[in-house]
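What the coordinates show
Each chain, letter by letter, is given below.
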Amino acid sequence: MEEIKKTCLHDKHVAMGAQMSPFGGFDMPIQYKGIVEEHNAVRNACGVFDVSHMGEVNISGPDAERYVNHIFTNDVTGAPAGKIFYGMMLNPEGGVVDDLLVYKRGDNNFFLVINASNIDKDMAWINGHADGYDIEIDPLSDDLGELAVQGPDSEKIMEEVLGIACKELEFYTFKESELDGKHILVSRTGYTGEDGFEIYSDHDTIRSLWDQLMDSGRVEPCGLGCRDTLRFEVGLPLYGDELADDISPVEACLSMFVKLDKPEFIGREVIARQKAEGAPRKLIGLELADRAIARHGYEVLNDADEVVGYVTTGYRGISVDKSIAAALVDTRYAVKDSELKVRIRRKVFPARVVAKKFYKKSYKK
């Protein structure tokens with residue numbers, strides 16, 4: 001059995017009484033005071049997450065841009081330093097190996113942030129497709145920690161508590177600097193639908209920043225429980241739920257992050273066909289007529305009680321106070337306001353197809 005990993009903040013979570021549970025191969029905090037309170041703190045003020053379980057790898061060298069474009073669906077061609085791209089790595093069948101962020105650090109120098117549960121798989125994929133490219137691949141996951149400071153008060157907290165100037169950062173941009181002699185990378189990104197920042201640095205620096213934030217009394221420590229409810233309400237995908245090796249970006253309604261007008265990339269042929277002809281399945285939002293909660297894997301049925309798909313994520317929405325779900329269904333049923341059903345254990349509950357963004361994002365423009 002594989003030994004579970006710990007982030008650089010693990011002892012601090014335990015000392016604070018966090019409920020801990022395995023996630024992505026790490027022992028992670030799920031909640032502190034409670035998911036609802038932490039969720040609302042991010043929506044209304046500021047919450048801080050330990051996301052040091054995420055993986056990082058740097059790609060550099062003369063062919064770095066060409067290589068990243070080969071394995072990545074978005075187009076990084078000629079991007080200015082400081083720009084961030086969201087996209088996916090695909091297999092030849094068009095399924096998603098992982099979704100990730102690509103940070104353009106400089107000419108032919110890219111910083112990739114990958115999902116914790118996929119670190120080993122992604123590193124094998126990245127190394128396995130590097131032949132013929134003059135690049136250096138530097139795994140950084142074991143050396144870096146990461147904090148996410150999220151919520152409408154996050155900019156003030158970053159500047160006033162941590163002394164990190166960030167007002168000038170636009171959404172999906174970043175900067176690198178030194179803080180007390182230590183290198184930090186700060187991006188205006190997040191996974192909550194609110195304005196926020198992510199900070200990458202060495203373990204000691206991340207521990208120090210966490211302590212400063214907690215000592216300030218101006219933030220709420222948040223676990224992965226509310227990270228999931230927050231991202232789900234604004235329609236952000238989670239790998240393993242809305243994305244997987246057998247789910248394409250077109251099916252997941254993420255076509256805008258797949259650029260077909262750039263040079264060849266892995267999986268392009270399948271995606272081009274699905275964009276032209278339509279995909280067999282589509283990710284939708286569902287609103288249940290009852291307070292029942294549809295969990296991942298529950299069956300979605302049509303009027304004839306035939307299975308036409310399955311739930312990928314479901315909750316009683318905290319910010320919207322409705323029973324909501326995302327589901328991957330046969331495309332012919334992905335029509336807004338269509339009536340479907342969800343089988344929850346032994347009962348069947350009516351549901352209506354709605355937009356899968358249940359709550360409006362509040363990013364800084």
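Structure first, text after, so check above.
**Some points on the packing of aromatic side chains**
Per the counting criterion, the structure on display carries 10 aromatic pairs. Ring geometry for F171 against Y363: centres 4.2 Å apart, planes inclined by 20°, an arrangement best described as stacked. Here F171 is found in the loop between helix 5 (154-160) and strand 10 (174-179), whereas its partner Y363 is found in the segment after strand 19 (347-354), with 192 residues between them in sequence. Here Y363 falls in the buried class, since its relative accessible area comes to 17%. Look at F232 and Y315: their rings are 5.8 Å apart centre to centre, the planes differ by 55°, and that puts the pair in the tilted class. Here the residue F232 occupies a position in helix 7 (residues 224-233), and Y315 occupies one in strand 16 (residues 307-316), the gap between them amounting to 83 residues. Exposure remark for F232: the relative accessible area of 3% places this residue in the buried category.

**Description of the sheet that holds strand 3 (residues 47-50)**
Within the open sheet, the 6 strands sit side by side as 10-11-12-9-3-13. Their pairing is mixed. Whereas interior strands pair on both sides, the edge strands pair on one side only; in this sheet they are strand 10 and strand 13 (220-222). Going across the sheet, the axis of each strand differs from the next one's by a mean of 25°, ignoring polarity. Here 3 bridges tie strand 3 to strand 13, and the two strands are oriented parallel to one another. For G47, the partnering residue across the bridge sits in strand 13 and is E220. Against the sheet, helix 2 (residues 35-44) contacts strand 3, strand 9 (144-150) and strand 13, and its axis sits at roughly 115° relative to strand 13.

The rules behind the values
Residues numbered from 1 in each chain as written. Predicted model: local features only at pLDDT ≥ 70, side-chain atom pairs only at ≥ 80, totals over all residues. Heavy atoms only, no water. Phe/Tyr/Trp six-rings, centres within 6.5 Å; stacked < 30°, edge-to-face > 60°. Helix = DSSP H or I, 4+ residues; strand = E, 2+ residues; numbered from the N terminus. Buried < 20%, exposed > 50% of the residue type's maximum accessible area, 1.4 Å probe, protein only. Pairing = 2+ DSSP bridges. Axes fitted to C-alpha atoms, helices over the stretch in contact; angles between N-to-C directions. Contact = heavy atoms within 4.5 Å.

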